[in-house]
Amino acid sequence: MLIIPVERQLDWRKPPLMTLAIILINVLVFFLYQSQDADLLEDAVDQYLNAELAQLEAPVYLEYLERGIRLKQDDRVELASDVASAIEQRDAEWLAYVILLDPGFYKMLVDEGSLFWHSDTYNDWKEIRSDIVDRYINNISSRRLGLIPADIQLSDLVGYQFLHGGIGHLLGNMIFLFLLGFTVERALGKSKYLIAYLLCGVLSGLFFAMFDGESLVPLVGASGSISGLMGMYVAIFGLQKIRFFYFLGVYFNYFTAPALAILPVWIGKEVYDYWLGEASRVAYMAHAGGLIAGAGMVWLLGKSWLQIKEEFYEPDETEQDDAFRKSYAQALSLVAQMEFSQAKSRFAALYKQYPDNIGMLEHLYSLEKLDHKGDGYHLHAKQLIEASLKKNLFQLMLDTYKDYLKRVGAESQLDVVFHNKVLYACLRHDDVKEAERAFENLKKHPDISDEVLKEACQVLVQEFKKRQQTMKVNQYQTVMNQL
């Protein structure tokens, strides 16, 4: 059974940069640093086979496994059966890979090998085997940076989080990291998110070691840290109902539930799999530890250092889009029903809520044209012209400007600055005819000053000089001389 929270959709306008950076580091570590592991192990196997150690160690290894199973200290029943078959079939290469990667067996041989072999044989074995381990096995990434419960190092508590046992292990973890990380990162901010992620991995590893403190098998993978993200995710939403995706066998679907209600389900599943589930190399208690650590940090530090950013609780873009579409459809419906007064109120509210949406201003201007003698018409005409100029929507600006002046004529409430801005905008868009019309409107304005008019004339003179239109140059030169 798999249950994943899917409450928030990713907004690529605010990409989860820290999550993507962590994913990139994991991928680079796997393909660059861990790529040496295969060669090291292959060299170790070659040395092991050349020294004919498989024939010496394999019977002892089988006895080691069977003794652990009898004493209920080992659950690798299937492996013991496979080892017995390999010994019978003399598959020395397979035995070499399995035996070399079992650090517990090597430690047992170092401590008790003299009980199985004569002293000369034991001393020769120890010299050859220790050389293989020191030169090859201990240089494999999981041995150098993996978390070994029986020998915990501070660097390993962080290093193990970026190592993976294979491409499938890496891919699965990175998908979950991406699905959970972008929401938690948005809630906490990049720096706090990174610290919380790494700390969850540290606490997850320590929790795992509590249940298998004598193990020499290294723990690797980001799943403990990712489980911490899961714990933080549900703790951030608390008792709020959120959406979850679940997969059971071949069936999958969505359901909603209070976020925290799923936390004990997750923890219970990991504990059940650890105590009663089938034998597995999956680090169930690391997952459980991560879940507890993540949720616990939010509960304990959520009102201080790990406080959730206020912007996280603002509706996401999808919710805003849905709300906008619904309100916009209602406003258009009012127009269709000829409820113009209500429609104007609805569009005005939408423009106030979405001030960057110039389309709402267009609707308001169109509705005000029905009564172009009202103050609202003059106001929205000026707002639409100004907004069009700011967004460089030249044609919309010019159409509104011309339409407004055509309707109101001498009753225009446009200030001098509007005519001047329109003139300059027309020249920038190579529309000289409209620039001249704007100049005429500017010249007729009751508040025009000689200084502003003279500057406009100079601009037109320069423009017509570039076009080599001598008559136009002389025309505006004359106007300028008369000022």
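Placed above this text is the structure.
A brief report on the enclosed structure follows. Quick caveat: nothing in here was measured; it's all calculated off a predicted structure.

## What to know about the overall build of the chain
Within the chain, the secondary structure is distributed over 23 helices and three strands. A compact globule built from 483 residues should have a C-alpha radius of gyration of about 23 Å, whereas the chain, at 37 Å, is more than 25% larger. Over its C-alpha atoms, taken along the principal directions, the chain stretches across nearly 120 × 55 × 40 Å. Residue burial in the chain is summarised as follows: out of 483 residues, 45% are buried. Once local pairs closer than 6 in sequence are excluded, the contacts in the chain between residues at least 24 apart make up 68%. Within the structure as shown, the chain displays about 26,300 Å² of accessible surface, and the carbon and sulfur contribution to it stands at 55%. Separation between the mean location of the 47 positive side-chain charges and that of the 63 negative ones in the chain comes to 14 Å.

## A word on the packing of helix α10 (residues 167-188) against helix α12 (residues 223-237)
For any two helices packed against each other, the geometry comes down to the angle between their axes and how far apart the axes lie. Interaxial distance between α10 and α12 falls to 9 Å at its minimum, and their mutual angle equals 40 degrees. Regarding the angle of α10 to α12, the classification is oblique. Between α10 and α12 lies a crossing of left-handed hand. Where α10 approaches α12, its residues N173, F176, L177, L180, G181, T183, V184, A187 and L188 are matched on the opposing element by S223, I226, L229, M230, M232, Y233, I236 and F237. Residues belonging to the contact of α10 with α12 are distributed by class as follows: 13 nonpolar, four polar and no charged.

## Remarks on a negative patch on the surface
Taken together, the side chains of D39, E42, D43, D46, D91 and E93 make up a negatively charged region of the molecular surface. The dominant element in the negative patch, judged by the number of residues it contributes, is helix α2 (residues 37-50), at four residues. When you line up the elements, D46 lands in helix α2. Given the relative accessible area of 36%, D46 is considered partly exposed.

## A short note on the packing of helix α20 (residues 416-428) against helix α22 (residues 450-467)
Their axes nearest at 12 Å, the elements α20 and α22 cross at an angle of 10 degrees. Our classification of the angle between α20 and α22 gives roughly parallel. On α22, the residues touching V416, N420, L423, Y424 and L427 of α20 are V452, E455, A456, V459, L460 and E463. Here the contact of α20 with α22 is composed, by residue class, of eight nonpolar, one polar and two charged.

## Brief notes about unusual backbone geometry
Positioned with a positive phi, N392 is a non-glycine residue whose angle comes to about 60 degrees. Looking at where N392 falls in the secondary structure, it is placed in the loop between α18 (375-390) and α19 (394-408). According to the relative accessible area criterion, N392 is exposed, its value standing at 52%. Phi is positive for D430, close to 60 degrees, though the residue is something other than glycine. With respect to the helices and strands, D430 occurs in the loop between α20 and α21 (432-444).

## Observations concerning helix α23 (residues 470-482)
Taking 1.5 Å per residue, 13 residues should reach 18 Å; α23 reaches 18 Å between its end C-alpha atoms and fits that length. Among the residues of α23, V473, Y476, V479 and M480 are the ones counted as buried. The buried side chains of α23 occupy one side of the element, clustering within an arc of 130 degrees when seen end-on. Opposite the buried face of α23, at more than 90 degrees from it, the exposed residues are T470, M471, N481 and Q482. Buried-residue contacts for α23 involve α21 and α22.

## Thoughts on the pattern of salt bridges
Applying the stated criterion to the full structure yields 17 salt bridges. In this structure, E434 and R437 form a salt bridge, with 2.7 Å as the shortest nitrogen-oxygen distance. Within this pair, E434 and its partner R437 are both found in helix α21, separated by three residues, close to a single helical turn. The partner of E463 in a salt bridge is R467, and the shortest N-O contact between them spans 3.0 Å. Of this pair, E463 and R467 both sit in helix α22, four residues apart, which is roughly one turn of the helix. Residue R467 is classed as partly exposed on the basis of its relative accessible area of 31%. Each of D430, E463, K466 and R467 takes part in one network of salt bridges that share partners.

## Here we look at the environment of A209
Within the element layout of this structure, A209 appears in helix α11 (residues 190-211). Residue contacts for A209: discarding those within four places in its chain leaves P149 and I152.

## Details of a nonpolar patch on the surface
Judged by side-chain polarity, M210, F211, Y272, Y274, W275 and L276 come together as a nonpolar surface patch covering roughly 710 Å² of accessible area. Of all the secondary structure elements, the ones that give two or more residues to the nonpolar patch are α11 and α13 (263-275). Tallying contributions element by element places α13 first for the nonpolar patch, with three residues. With respect to the element layout, Y274 can be found in helix α13. Exposure remark for Y274: the relative accessible area of 31% places this residue in the partly exposed category.

## Examining helix α5 (residues 92-100)
Those residues of α5 lying buried are L95, A96, V98, I99 and L100. Considering only its buried residues, α5 is in contact with α2, α3 (53-70), α4 (77-89), α6 (103-112), α7 (119-135) and α8 (141-145).

## Quick look at the sheet that holds strand β1 (residues 2-5)
Pairing within the open sheet is antiparallel, and its three strands lie in the order β1-β2-β3. Across the chains shown, the open sheet's two edge strands, defined by having one partner strand only, are β1 and β3 (251-258). Along the sheet, successive strands turn relative to each other by an average axial angle of 30 degrees, direction set aside. Summarising the sheet, strand β2 (residues 241-248) and β3 pair through eight bridges and their orientation is antiparallel.

## Details of the packing of aromatic side chains
Applying the stated rule across the entire model yields 23 aromatic pairs. Arranged with centres 5.9 Å apart and planes meeting at 5 degrees, the rings of F464 and Y476 form a pair that is stacked. With a gap of 12 residues between them, F464 in helix α22 and Y476 in helix α23 connect regions that are remote in the sequence. Side by side, F464 and Y476 carry an identical accessibility label, which is buried. Ring-pair connections join several aromatic residues into one group, and the members of that group are Y106, W117, Y122 and W125.

Cut-off values and rules
- Residues numbered from 1 in each chain as written.
- Predicted model: local features only at pLDDT ≥ 70, side-chain atom pairs only at ≥ 80, totals over all residues.
- Heavy atoms only, no water.
- Helix = DSSP H or I, 4+ residues; strand = E, 2+ residues; numbered from the N terminus.
- Rg over C-alpha atoms; globule rule 2.2 N^0.38 Å.
- Buried < 20%, exposed > 50% of the residue type's maximum accessible area, 1.4 Å probe, protein only.
- Contact = heavy atoms within 4.5 Å.
- Areas by Shrake-Rupley, 256 points an atom, 1.4 Å probe, with all protein chains shown as cover.
- Lys, Arg positive; Asp, Glu negative; His and termini not counted.
- Charge placed at Lys NZ, Arg CZ, Asp CG, Glu CD.
- Axes fitted to C-alpha atoms, helices over the stretch in contact; angles between N-to-C directions.
- Parallel < 35°, antiparallel > 145°, perpendicular 65-115°, else oblique.
- Left-handed = near helix turned anticlockwise from the far one by under 90°.
- Nonpolar A, V, L, I, M, F, W, Y, C, P; charged D, E, K, R; others polar.
- Patch = residues over 30% accessible without salt bridge, like charges linked within 9 Å, V, L, I, M, F, W, Y side chains within 5 Å.
- Salt bridge = Lys/Arg side-chain N within 4 Å of Asp/Glu carboxyl O.
- Expected span 1.5 Å × (residues − 1).
- Arc of directions from axis to C-beta.
- Pairing = 2+ DSSP bridges.
- Phe/Tyr/Trp six-rings, centres within 6.5 Å; stacked < 30°, edge-to-face > 60°.

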